[in-house]
Amino acid sequence: MRHGSIPGASGRVRPLTLLGDPVLHTPCAEVTDFGPQLAALIEDMYATMYAAQGVGLAANQIGVGLRVFVYDCPDDEDVRHLGHLVNPRLVDVDGVSVRGPEGCLSLPGLEAATPRFDHAVLEGVTLRGEPVRVHGTGFFARCLQHEYDHLEGGVYTDHVTGWRRRRVLRQAARAPWATTA
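Note that this is a predicted model, so its numbers are computed, not measured.

So, on to the UniProt feature "active site" (unreviewed entry) in the chain. Under the local residue numbering, the UniProt record ascribes the feature "active site" (unreviewed entry) to Glu-147. Looking at where Glu-147 falls in the secondary structure, it is placed in helix α2 (residues 138-151). Under the relative-accessibility criterion, Glu-147 is labelled buried at 4%. Contact partners of Glu-147, with chain neighbours within four places excluded, come to Gly-56, Leu-57, Ala-58, Gln-61 and Phe-69.

Take a look at the structure:
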């Protein structure tokens, strides 16, 4: 990182899409153009994630229905993981399923105890089309699964059940940012 630019430094902060926006609930399209527009999108995603104080951001969270996400997330040992994935696929999840607090930039101010596996492996490519494989454990595994879900058209509340689900959806409906459709 010391020898390169800071991710997002040349990006612009974009508005976040919020729960209820159809782009969040639609599977994203594969990226086919690996040109300067993709690089600019990724820069904008980093800038937006940092401005919102998040640890990950999927393209559809800024209204772009493409299979891209960025992250700057620690694992449980406080090791920082910084990167992006284009056209990722979840190739493995295992370990124990841990129910832990989870929030989302598209549901600002809310969180719910959400079950996630303690280990996740994703494969995809970089913005230049170079293959990459990312292993995550603990909180970083949670982050990877969360962002991958966005690309599939899901949000973390899809994994929450029972009274926890009813509570977080009720809170979302009453939130100042809620849409009245």
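Generally speaking, nonpolar side chains in soluble globular proteins are found buried as a group. Among the nonpolar cores identified, the biggest contains 17 residues, and Leu-38, Ile-42, Met-45 and Val-68 are the most heavily contacted of them. Where this core is concerned, the elements lending two or more residues are α1 (36-51) and β2 (68-74). At six residues, α1 tops the list of elements feeding residues into this core. Among residues more than four places away in sequence, those in contact with Ile-42 are Val-68, Val-70, His-84, Val-86 and Leu-127. Grouped together as the second largest cluster of nonpolar side chains are 15 residues, Cys-28, Leu-85, Cys-143 and Leu-144 included.

Right, let's get into the pattern of salt bridges. Within this structure, the stated rule accounts for 10 salt bridges. Residue Glu-30 is joined to Arg-67 by a salt bridge in which the shortest nitrogen-to-oxygen separation is 3.5 Å. Pair noted here: Glu-30 is in the segment before α1 and Arg-67 is in the loop between β1 (56-58) and β2, with a separation of 37 residues, a long-range link. With a closest N to O distance of 2.6 Å, Asp-72 and Arg-80 form a salt bridge. Ionic contacts of the salt-bridge type, sharing partners, join the residues Glu-102, Arg-116, Arg-142 and Asp-149 into one network.

A few words on the UniProt feature "binding site: Fe cation" (unreviewed entry) in the chain. Mapped onto the present numbering, the UniProt feature "binding site: Fe cation" (unreviewed entry) falls at Cys-104, His-146 and His-150. Spatial clustering of the annotated residues is evident: they stretch over 47 residues in sequence, but the largest pairwise C-alpha distance comes to 10.3 Å. Here the residues from the annotation list that line the largest pocket are Cys-104 and His-146. Looking at where His-146 falls in the secondary structure, it is placed in helix α2. Under the relative-accessibility criterion, His-146 is labelled buried at 7%.

We now examine α2. In this model α2 runs 21 Å from its N-terminal to its C-terminal C-alpha over 14 residues, within 8% of the 20 Å that 1.5 Å per residue would give. Where α2 terminates, the next one or two residues include Gly-153, which has phi positive at roughly 90°.

What follows covers the packing of aromatic side chains. This structure, assessed with the given rule, holds three aromatic pairs. With a centroid separation of 6.1 Å and 20° between ring planes, the pair formed by Tyr-46 and Tyr-50 is classed as stacked. Within this pair, Tyr-46 and its partner Tyr-50 are both found in helix α1, separated by four residues, close to a single helical turn. On the basis of relative accessible area, Tyr-46 is assigned to the buried category, the value being 5%. On the basis of relative accessible area, Tyr-50 is assigned to the partly exposed category, the value being 31%. Taking 5.2 Å as the distance between ring centres and 55° as the angle between the ring planes, the aromatic pair formed by Tyr-71 and Phe-140 counts as tilted. Here Phe-140 lies in helix α2 and Tyr-71 lies in strand β2, a separation of 69 residues in the sequence. Take Tyr-71 and Phe-140: they sit in the same class, and that class is buried. Taken together, the aromatic side chains of Phe-69, Tyr-71 and Phe-140 make up a single cluster linked through ring pairs.

What counts as what
Residues numbered from 1 in each chain as written. Predicted model: local features only at pLDDT ≥ 70, side-chain atom pairs only at ≥ 80, totals over all residues. Heavy atoms only, no water. UniProt positions renumbered as here; feature names shortened; annotations may be inferred. Helix = DSSP H or I, 4+ residues; strand = E, 2+ residues; numbered from the N terminus. Buried < 20%, exposed > 50% of the residue type's maximum accessible area, 1.4 Å probe, protein only. Contact = heavy atoms within 4.5 Å. Core = buried A, V, L, I, M, F, W, Y, C linked by side-chain atoms within 4.5 Å. Salt bridge = Lys/Arg side-chain N within 4 Å of Asp/Glu carboxyl O. 1 Å grid on protein atoms, 1.4 Å probe; cavity = no way out; pocket = protein on both sides within 12 Å on 5 of 7 lines; lining within 4 Å. Expected span 1.5 Å × (residues − 1). Phe/Tyr/Trp six-rings, centres within 6.5 Å; stacked < 30°, edge-to-face > 60°.

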